[in-house]
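Spelled out, the chains give:
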Amino acid sequence: MTSAPIPRTREDADSGRHPEFGRLIRDEVADTVICHVCGHAFRSLGAHVRAHGMTAAEYREEYGLLRSRALSARSLARQQADDRRARYLASKEVQKRFAAGREMARSGELTRRRRAVAREQADPQELHRVRQETLAEGRRTQARTADDRTADAVYAAGFTDLAEALRTLYTDRHQSIEETARILALGRGKLRRLLTEHGIAVRPAGHNSGSGRRSRVQLNDRAAARRVGTHDIVAWLGEQSAQGVSLRQLATATGRSVPWVTARLHRR
């Protein structure tokens, strides 16, 4: 005899070993899923939740789960997917029934209909959580990648840690913000934050040291060289000028000014 349905509330889901609202908990070792209502583990909740007076769709809605969420253990979900695929491949009749759906998928109509339905229905709690976790993980991955890139740049520049690199480059050698950021593979905004965090005063705008001016000159030269696809911008300008290219044309090609081009030509 089936026992009476257990009361279903969010408080039940948040207590003890019950999964929290909007989250499906799988026991990967035992290959089971945990019921929000009774807290017991099962291979498939789709069949179990009938004992609590719910259909699988009602269960998903009640506990904020994705409508597409499989309510079964991973191995069972894979087995069911393989069985459906095998039945589809073995039956021409089944393939015929799905032909219209495949055509809708190819044309994009299926996606449009799904979005239209989603706009009319509130997103389940789990979808919000999945989106937030995906976004947060993406940000963490980007931060780790940036930190690894900076660590490699610090060691490549001959320093043992970031603090030493910041003080040596920016304070002792008077490198500009731009050049220090380039050497350490940092954005200028992040470099300024790191300088402040390490107790290094950021020089006010307009304060130009000799090395700072030289580093900006080098940055401009490198940018112009990348723009025209050369490693030696001075040599490239000389070759183009010898072929009769005007100063204005050279300025346009490099993205710099005519006086800048003239100054580089005089370096030869």
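Bear in mind that the values here come from a model prediction, so they are computed numbers and not experimental data. (Residues numbered from 1 in each chain as written. Predicted model: local features only at pLDDT ≥ 70, side-chain atom pairs only at ≥ 80, totals over all residues. Heavy atoms only, no water.)

Draft legend 1. Expanded view of the packing of aromatic side chains. Enumeration according to the criterion identifies one aromatic pair in this entry. When the centroid spacing of 5.2 Å and the interplanar angle of 50 degrees are considered together, the rings of Tyr 59 and Tyr 63 count as tilted. Each member of the pair, Tyr 59 as well as Tyr 63, is classed as buried. Looking at Arg 203, its charged tip hangs above the ring of Tyr 170, at a distance of 4.0 Å from the centre. (Phe/Tyr/Trp six-rings, centres within 6.5 Å; stacked < 30°, edge-to-face > 60°. Buried < 20%, exposed > 50% of the residue type's maximum accessible area, 1.4 Å probe, protein only. Lys NZ or Arg CZ within 6 Å of the ring centre and 35° of its normal.)

Draft legend 2. Main features of the sheet that holds strand S3 (residues 41–42). Judged by pairing direction, the sheet is antiparallel, and its three strands sit side by side in the order S1-S2-S3 without closing on themselves. Pairing within the sheet leaves two strands with one partner each, and these edge strands are strand S1 (26–27) and S3. Bridge analysis of strand S2 (residues 32–34) against S3 gives two bridges, and the strand direction is antiparallel. Across the sheet, residue Ile 34 finds its bridge partner in S3, namely Ala 41. (Pairing = 2+ DSSP bridges. Helix = DSSP H or I, 4+ residues; strand = E, 2+ residues; numbered from the N terminus.)

Draft legend 3. Representation of the pattern of salt bridges in the model. Applying the stated criterion across every chain, the model contains eight salt bridges. Salt-bridge contacts for Asp 31 lead to Arg 43; the nearest nitrogen and oxygen are separated by 3.0 Å. Of the two residues, Asp 31 is situated in the loop between S1 and S2 and Arg 43 in the loop between S3 and helix H2 (45–48); the sequence distance between them amounts to twelve residues. By relative accessible area, which is 39% here, Arg 43 ends up partly exposed. Where Arg 222 meets Glu 179, a salt bridge forms, and the shortest distance between an N and an O atom there is 2.9 Å. In this pair, Arg 222 is assigned in helix H11 (residues 210–228) and Glu 179 in helix H9 (residues 177–183), connecting sequence segments 43 residues apart. The exposure class of Arg 222 is partly exposed, given its relative accessible area of 28%. (Salt bridge = Lys/Arg side-chain N within 4 Å of Asp/Glu carboxyl O.)

Draft legend 4. Quick look at the packing of helix H8 (residues 162–172) against helix H10 (residues 188–197). Across the interface, H8 lies against H10 with an axial gap of 11 Å and an inter-helix angle of 100 degrees. Relative to H10, H8 is oriented roughly perpendicular. Between H8 and H10, the residues in contact are Leu 162, Leu 166 and Tyr 170 and Leu 191, Leu 194 and Leu 195, respectively. Of the residues assigned to the contact of H8 with H10, the class counts are six nonpolar, no polar and no charged. (Axes fitted to C-alpha atoms, helices over the stretch in contact; angles between N-to-C directions. Parallel < 35°, antiparallel > 145°, perpendicular 65-115°, else oblique. Contact = heavy atoms within 4.5 Å. Nonpolar A, V, L, I, M, F, W, Y, C, P; charged D, E, K, R; others polar.)

Draft legend 5. Summary view of the confidence of the model for the chain. Averaged over all residues, the pLDDT of the chain is 80; the fraction at 70 or higher stands at 85%. Averaged pLDDT values over the elements of the chain bottom out at 41 in helix H1 (residues 10–14) and peak at 92 in H10. This model gives residues 1–16 a pLDDT under 50, and the stretch forms 29 contacts once residues within four places in sequence are excluded. (pLDDT = per-residue confidence, 0-100.)

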